[in-house]
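# Structural description and commentary
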Amino acid sequence: MNIHEYQAKQLLKQNGVAVPAGDPCKTLEEATTAAKRLFDSGHSLIVIKSQIHAGGRGKGTFTHGFKGGVKLAKTLEEAVTYAENMLGKTLVTKQTGPEGRVVQTILVAAAEKIVKEFYLAVLLDRATSRPLIMASTEGGVDIEEVAEKTPEKILKETVDPAVGIQPYQARRIARGLGLKGEVFNAAVKLIMGVYKTSWECDASMVEINPLAIVETASGKESIMCVDAKISLDDNALYRHADILAMRDLAEESPLEIEASKFSLNYIKLDGSIACLVNGAGLAMSTMDIIQHYGGLPANFLDVGGGASKDQVSAAFKIILSDPNVKAIFVNIFGGIMDCNVIANGIVEAVKETGLTLPLIVRLEGNNVVAGKATLAASGLTIISGDTMADAAKKVVAAVNS
Amino acid sequence: MSIFVTPQTKILIQGITGSFGARHTPLSIEYGTQVVAGVTPGKGGQIFEHKGVRVPIFDTVEEAVKATGATTSAVFVPPPFAADAILEGVDAGLDLVVTITEGIPVNDMVRVKRAMSGLRTRLIGPNCPGIVTPGEGKDSHGGCRIGIAPGYIHKKGNIGVVSRSGTLTYEAVFQLTCRGVGQSTCVGIGGDPVNGTSHLDVIKLFMADPETHGIIMIGEIGGAAEEEAAEWIALHGTKPVAGFIAGATAPPGRRMGHAGAIVSGGKGTAQAKFDAFRAAGIGVAATPSEMADTLLRLMK
């Protein structure tokens, strides 16, 4: 699960991490009040940031022509104009796709004068199965590019989960970033707090980009998280009711939400061949084999190991609500699962939905003879595939004909 | 020899009375697997009975091991309690803990793996179908089935199969069996980002196992475990290996069903893994339909 920047900053703040002063606002009134409060407390510059789960906000464009999902304001009037042009409007960035996302919330925050930018992240190092802190002096830029071109500029600190992060590790990073004096000590506290946030919230990734040394109104330097992104481990959400409450369904695809109600794992893609498969690995390979034979998959859909008739029926409705779909490929290897149960589910779903698109079914495994007989006796036009490859060729041919 | 287990291995089932454990334990018993004990806290003293086989249930793994001599466990307990169940098996000194449970928090597994380091117990999984060492009987009965794989698709023979995915393992096994080619052991290492046993761990054992003559290695996007195994094979491999990677068409940044199946930061792509396979001389199956044929061509 992903959360918004303002929510990530709330979690960080709860763990003693410095973030710029600011408030999330859902209405123009809230935004005006928040902006006024910041100007009144001595900030000469504030930032209005669209809150959507996609990157590239600053360079994005709203569908009504307004440019920039992140804007700096010097006056209250400017701030209000920007808020007006963001709230309730649709922002298109390089990550949202052409349909964009509606901005429901904006973050109105102090825009501190940035002296230097850094990068800081906590993630899982799969090679060691331990948490890894990554930091770099190259902040505010694409970290993947830094890792590619100048890997020596990335500092890494692996944390032993038995004891957690030790202050010396945070000091080593702070030193590696070239920090001195008060900012050094503040950075150590901040790094400890970011790690604690990551571990205690069961985050799969915390990314602070940029982490920045800023010059505050009083002329003193301090270090804080100017931007923050947190992704959570879905498996651990059951023990974080407070974080689960941060879920923003408006940011998720309606079809994917519908699928999750039936414990189906569905991801919408752009192709024309819908797939319904049991098992994640087989579902991925089904997409791959469609592409291998010249087609394009419309979705990833794993109905799981013990799919019921209801799930198969729900799965059909979900894949059919994608208007791009021109044919359906059902690929089931029923190891333990009864192929006849699946076959009955298919027949019922086809009748219920009045399916007219070509349907190619490859059934294999437990009770497969009965399953195939059920399909044959249904009187429906179902094309049968003997192997995955045979079925994939047939479904691609059906779309191309 | 097979790897990890033999038909004589004594198995205990953690979570034997839960719906998942109770559904799969009878299938293992019917397969001929030596299921000698079950563990469900609070149900100690009860019996799990299936077709005349009476499996005693214990409150703790320690008791179950002491009373029955079980050396291996299958963990079916729900995700919030799975880490504890695994560590209980480790504490009882089991040789092998096979964790089927899907959905264990990653940080729990990070802790479990740290706690297990240096200890003798091997963990397989989590989020895996388990292990099958096929037997001599009809539909490979008389073998050792730990987990949820369909036993009947197997056949006793000389191919080792290792995979991160359940149904894709079955697909490969079924392709082999349909061609009259049997398997020594089939191991599902699981689809989570933190697992107990890696592709490389299993590959090394297959290479050392005289009964294994060829290997099918099935991976998927995410991480670099397949690349690690391929590098080792390039240097030390002595047997033909064929492989497939699922997820070439997966969009970056999305988790494809399995918690570990994600391309992030440009890392863990199918392309990188296929390249590593080719560089190591591993036969690459062009489609998942050709896993068995690709290996059999190499073995001619």
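In this convention, every chain numbers its residues from 1, walking through the sequence in written order. Numbering of ligands from 1 and lettering of chains from A proceed in the order in which they are written. For a predicted model such as this one, the threshold for reporting local features is a pLDDT of at least 70, and the threshold for listing and counting side-chain atom pairs is 80 or more; totals across whole chains, interfaces and linings nevertheless cover every residue. Side-chain metrics in this entry use all non-hydrogen atoms of the structure; hydrogen atoms and water are not considered.

Strands are runs of DSSP state E lasting at least 2 residues, helices are runs of H or I lasting at least 4, and numbering of each runs from the N terminus. Each helix and strand counted, chain A has 13 helices and 19 strands in total. Overall, chain A is about 80 × 50 × 40 Å in size when its C-alpha atoms are taken along their principal axes. Only protein chains enter the calculation, and the probe is 1.4 Å; a residue is then buried if its accessible area is under 20% of its type maximum, exposed if over 50%, and partly exposed in between. Across the 401 residues that make up chain A, the buried fraction comes to 53%. A contact between two residues is defined here by any heavy atoms of the two lying within 4.5 Å. By sequence separation, contacts in chain A at least 24 residues apart represent 68% of the contacts at least 6 residues apart. Two residue types count as positive, namely Lys and Arg, and two as negative, namely Asp and Glu; His and chain ends fall outside the count. Here the site of a charge means atom NZ of a Lys, CZ of an Arg, CG of an Asp or CD of a Glu. Side-chain charges in chain A split into 41 positive and 46 negative, and the spacing between the mean points of these groups amounts to 3 Å.

Let's shift gears to the nonpolar core. In this structure, Val 161, Ile 203, Met 217 and Met 256 of chain B are the most contacted members of the largest nonpolar core, which totals 95 residues. For the purposes of this section, nonpolar cores are sets of buried Ala, Val, Leu, Ile, Met, Phe, Trp, Tyr and Cys residues that join through side-chain atoms within 4.5 Å. Core analysis: the second largest hydrophobic core is formed by 69 residues, Ile 3, Leu 179, Val 194 and Ile 223 of chain A among them.

Another point: the confidence of the model for chain B. As a per-residue measure, pLDDT tells how confident the predictor is, with possible values from 0 to 100. Counting all residues, the mean pLDDT for chain B is 96, and 100% of those residues have values of 70 or more. Reported for the predicted complex are a pTM of 0.95 and an ipTM of 0.94.

Right, let's talk about the interface of chain A and chain B for a bit. Residue-level contacts link 47 residues of chain A with 57 residues of chain B. Summed over both sides, the interface between chain A and chain B buries roughly 3900 Å², with carbon and sulfur atoms accounting for 60% of that surface. Here a salt bridge means any side-chain nitrogen of Lys or Arg lying within 4 Å of a carboxyl oxygen belonging to Asp or Glu. Joining chain A to chain B, the criterion identifies four salt bridges. Of the charged contacts, one joins Arg 254 of chain B and Glu 256 of chain A as a salt bridge, the two residues approaching to 2.8 Å between their closest N and O atoms. Defined here as a combined quantity, buried area equals the accessible surface (1.4 Å probe) lost by two parts on assembly, summed across both.

Residues and elements named next belong to chain B. Sheet architecture is open: seven strands sit in the order S3-S4-S2-S1-S5-S6-S7, paired in mixed fashion. The sheet is open, and its two borders are formed by strand S3 (47–50) and strand S7 (122–124), each paired with just one other strand. Within the sheet, the average angular offset between the axes of one strand and its neighbour, ignoring direction, is 25 degrees. Think of it this way: DSSP has to see at least two bridges between two strands before they count as a pair. With five bridges connecting them, strand S1 (residues 10–14) and strand S2 (residues 34–39) associate as parallel partners. Geometry is summarised by axes, namely lines fitted to C-alpha atoms with helices restricted to the contacting stretch, and by angles between N-to-C directions that run from 0 to 180 degrees.

Moving on, we come to the pattern of salt bridges. Two side chains of opposite charge can pair, provided their charged atoms sit close to one another. A full pass over the atoms with the stated rule returns 36 salt bridges over all chains. Across the pair Asp 108 of chain B and Arg 239 of chain A runs a salt bridge whose closest N-O atoms are separated by 2.9 Å. Of this pair, Asp 108 of chain B sits in helix H4 (residues 106–116) while Arg 239 of chain A is found in the loop between strand S13 (229–232) and helix H7 (241–244), placing the two residues in two different chains. A residue is classified by how much of its surface remains accessible, and Arg 239 of chain A, at 31% relative accessible area, is partly exposed. For Arg 247 of chain A, the salt bridge is made with Glu 252 of chain A, and the minimal N-O distance between the two is 2.7 Å. Each of Glu 5, Lys 9, Lys 49, Arg 57 and Asp 227 of chain A takes part in a single network of salt bridges with overlapping partners.

Let's shift gears to the sheet that holds strand S3 (residues 61–62) of chain A. Strands sit in the order S3-S5-S6 (chain A) across an open sheet of three strands; the sheet is antiparallel. In this open sheet, the two edge strands, each paired with only one partner strand, are S3 and strand S6 (101–102) of chain A.

The next thing to look at is empty space enclosed by the protein. Rolling a probe over the atoms, with the probe sized like a water molecule, indicates the empty space that remains. Residue and element names in this part refer to chain B. A pocket here means an open set of points on a 1 Å grid, computed over the protein atoms alone, that has protein on both sides within 12 Å along at least five of seven lines. A cavity is instead a set of points where a 1.4 Å probe fits but cannot get out; residues with an atom within 4 Å of a point line either one. Grid points are joined across faces, edges and corners, and a volume is the space filled by probe spheres set on the points. Scanning the model with the defined rule gives two cavities of 30 Å³ or more in all. The wall of the largest cavity is formed by Pro 129, Gly 130, Ile 131, Val 132, Ala 149, His 154, Thr 169, Tyr 170, Val 173, Cys 186 and Gly 188. Quantified by volume, the second largest cavity comes out at close to 30 Å³. Lining the second largest cavity are Ile 104, Pro 105, Val 106, Met 109, Asp 192, Pro 193 and Val 194. In the scheme used here, Gly and all other residues not listed as nonpolar or charged are polar, with Ala, Val, Leu, Ile, Met, Phe, Trp, Tyr, Cys and Pro taken as nonpolar and Asp, Glu, Lys and Arg as charged. Tallied by class, residues from the lining of the second largest cavity come to six nonpolar, no polar and one charged.

The next thing to look at is the domain arrangement of chain A. Where each domain starts and ends follows an automatic or database-derived domain assignment. What the domain assignment reports for chain A is domain 1 (21–111), domain 2 (113–243) and domain 3 (253–400). Measuring from the centre of the C-alpha atoms in domain 1 of chain A to the corresponding centre in domain 3 of chain A gives 43 Å.

All right, on to the packing of aromatic side chains then. All names here are of chain A. Between rings of Phe, Tyr and Trp, where Trp is taken as its six-membered ring, a pair exists when centres lie within 6.5 Å; planes separated by under 30 degrees are stacked, by over 60 edge-to-face, and by other angles tilted. Counted according to the given criterion, the structure contains six aromatic pairs over all chains. On the basis of an interplanar angle of 50 degrees and a centroid distance of 6.0 Å, the ring pair of Phe 66 and Tyr 82 is categorised as tilted. Of this pair, Phe 66 sits in the loop between S3 and strand S4 (70–73) while Tyr 82 sits in helix H3 (residues 76–86), placing them 16 residues apart in sequence. Under the relative-accessibility criterion, Tyr 82 is labelled buried at 14%.

Bringing the side chain of Ser 198 of chain B into the picture now. In this structure, Ser 198 of chain B sits in the loop between strand S11 (183–188) and helix H6 (199–208). Residues contacting Ser 198 of chain B, with those up to four places away along its chain left out, are Ile 189 and Glu 228 of chain B.

With that settled, consider the side chain of Ser 73 of chain B. Its location among the elements puts Ser 73 of chain B in strand S5 (residues 72–75). Aside from chain neighbours lying at most four places away, what touches Ser 73 of chain B is Leu 12, Gln 14, Leu 94, Leu 96, Val 97 and Val 98 of chain B.

Our next topic: unusual backbone geometry. Of note, the amide linkage connecting Asn 209 of chain A to Pro 210 of chain A takes the cis form, showing an omega dihedral of 10 degrees. Turning to its location among the elements, Pro 210 of chain A is positioned in strand S11 (residues 203–215). Note the cis peptide between Gly 125 of chain B and Pro 126 of chain B, where omega equals 10 degrees. When you line up the elements, Pro 126 of chain B lands in the loop between S7 and strand S8 (130–133).

Moving on: a negative patch on the surface. Taken together, the side chains of Asp 59, Glu 62, Glu 63 and Asp 91 of chain B define an acidic patch exposed on the protein surface. Relative accessible area serves as the criterion here: at 31%, Asp 59 of chain B is assigned to the partly exposed category. Like-charged residues are merged into a patch within 9 Å and nonpolar side chains (Val, Leu, Ile, Met, Phe, Trp, Tyr) within 5 Å, provided each residue has over 30% relative accessible area and no salt bridge. Only the protein chains shown count as cover for residues, and the accessible areas themselves come from Shrake-Rupley with a 1.4 Å probe.

A word on the environment of Ile 273 of chain A. By the secondary structure assignment, Ile 273 of chain A is in strand S15 (residues 273–277). Expressed as a C-alpha distance, the spacing of Ile 273 of chain A and Gly 181 of chain A, which sit 92 residues apart in the sequence, is 60 Å.

This part takes up helix H11 (residues 339–353) of chain A. Residues and elements named next belong to chain A. Given a helix with a known number of residues, its expected span is that number minus one, times 1.5 Å. Taking 1.5 Å of rise per residue, 15 residues should cover 21 Å, and H11 covers 21 Å from first to last C-alpha, within 8% of that figure. If you check which residues of H11 are buried, you get Cys 339, Asn 340, Ile 342, Ala 343, Gly 345, Ile 346, Val 347, Ala 349 and Val 350. Packing partners of the buried residues in H11 comprise helix H10 (309–320), strand S17 (327–334), strand S18 (359–365) and helix H12 (368–377).

The next thing to look at is the pairing of S11 of chain A. Residues and elements named next belong to chain A. Along S11, ten of the 13 residues are buried, which leaves the element largely enclosed by surrounding structure. Of the pairings in the sheet, the one linking strand S8 (residues 113–125) to S11 comprises nine bridges and is antiparallel in character. Bridged to Leu 123 within S11 is Met 205. Alignment of S11 against S13, held across four bridges, turns out to be antiparallel. Paired with Glu 207 across the strands is Lys 229, a residue of S13.

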